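# Structural characterization, general
Listed below are the residues making up each chain.
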Amino acid sequence: QVQLVESGGGLVQPGGSLRLSCAASKFTLDYYVIGWFRQAPGKEREGVSCISSNNGSTYYADSVKGRFTISRDNAKNTVYLQMNSLKPEDTAVYYCATDQRPMVVGGSLDKYAYEYWGQGTQVTVSS
């Protein structure tokens, strides 16, 4: 089965940085889209960023543009989310997700478009 494992979360001060990793196994990352989502307590899960399987195109939510960068290393079967200039409102559990279906592989920030999900990693931004 498809497996995704997030890591890299933690506690950082406002303005700090973290790099999240999403390690994939039992499938070929080359042909899947990877999306990053986050969910704060009491709020809906929201799309943060994604990277397409076909040409590596990237997409970002307006709230993180200019601060977050998504990248993919197919040799390591891993996707990263570099988060800079972190704000308290970035505090959430961050999840990676993947899918191979034609309507999704080009990139989507819709949580309902993704079939496979990791367990999440906590990011807390606080002084």
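Note that this is a predicted model, so its numbers are computed, not measured.

To continue, consider the overall build of the protein chain. Check the secondary structure of the protein chain and you find 0 helices and 11 strands. Helices and strands appear in the protein chain in the N-to-C order β-β-β-β-β-β-β-β-β-β-β. Against the 2.2 N^0.38 benchmark of 14 Å for 127 residues, the protein chain shows a C-alpha radius of gyration of 13 Å, consistent with a compact globule. On the principal axes, the C-alpha backbone points of the protein chain span a range of 40 × 25 × 25 Å. Restricting the contact set of the protein chain to residue pairs at least 6 apart, pairs at least 24 apart contribute 60%. On the protein chain, roughly 6,500 Å² of surface is accessible, and the fraction owed to carbon and sulfur atoms is 46%. Counting 12 positive and 11 negative side-chain charges, the protein chain places the centres of these two groups 3 Å from one another.

Position of W117 relative to the elements: it lies in strand β10 (residues 116–117). Since its relative accessible area comes to 27%, W117 is described here as partly exposed. Placed 115 residues apart in sequence, W117 and V2 show a C-alpha to C-alpha distance of 8.9 Å. Not counting residues up to four positions away in its chain, the partners in contact with W117 are L4, F37, R45, Y95, C96, A97 and K111. A distance of 3.2 Å separates the side chain of W117 from the backbone oxygen of Y114, its partner in a polar contact.

On to the pattern of salt bridges, then. Counting across every chain of the model gives 6 salt bridges. Residue K65 is joined to D62 by a salt bridge in which the shortest nitrogen-to-oxygen separation is 3.1 Å. Given a relative accessible area of 65%, D62 falls into the exposed group.

Reading the values: the criteria
- Numbering of residues begins from 1 in every chain and follows the order in which that chain's sequence is written.
- For this predicted model, a pLDDT threshold of at least 70 governs which residues receive local features, and a threshold of 80 or more governs which side-chain atom pairs are given and counted, while totals over whole chains, interfaces and linings are taken from all residues.
- Side-chain measures here rest on the full set of heavy atoms in the structure, leaving out hydrogens and waters.
- Secondary structure elements are taken from DSSP: a helix is a run of H or I of four residues or more, a strand is a run of E of two residues or more, and numbering for both begins at the N terminus.
- Throughout, radius of gyration means the C-alpha value; the globule benchmark is 2.2 Å times the number of residues raised to the power 0.38.
- Contact criterion: two residues are considered in contact whenever any of their non-hydrogen atoms come within 4.5 Å of each other.
- Residue exposure ignores everything except the shown protein chains as possible cover, and the areas themselves are Shrake-Rupley values with a 1.4 Å probe.
- Neither His nor the chain ends is counted toward charge; the positive residues are Lys and Arg and the negative residues Asp and Glu.
- In plain terms, the charge of a residue is placed at NZ if it is Lys, CZ if Arg, CG if Asp and CD if Glu.
- Each residue's exposure class comes from its accessible area (1.4 Å probe, protein chains only) as a fraction of the maximum for that residue type: buried when under 20%, exposed when over 50%, partly exposed otherwise.
- Throughout this description, a polar contact denotes any pair of N or O atoms lying within 3.5 Å of each other; where both atoms belong to protein, one of them has to be capable of donating a hydrogen while the other can accept it, and for residues adjacent in sequence the pair is counted only when both atoms sit in side chains.
- Basic side-chain nitrogens of Lys or Arg form a salt bridge, by our definition, when they fall within 4 Å of a carboxyl oxygen of Asp or Glu.

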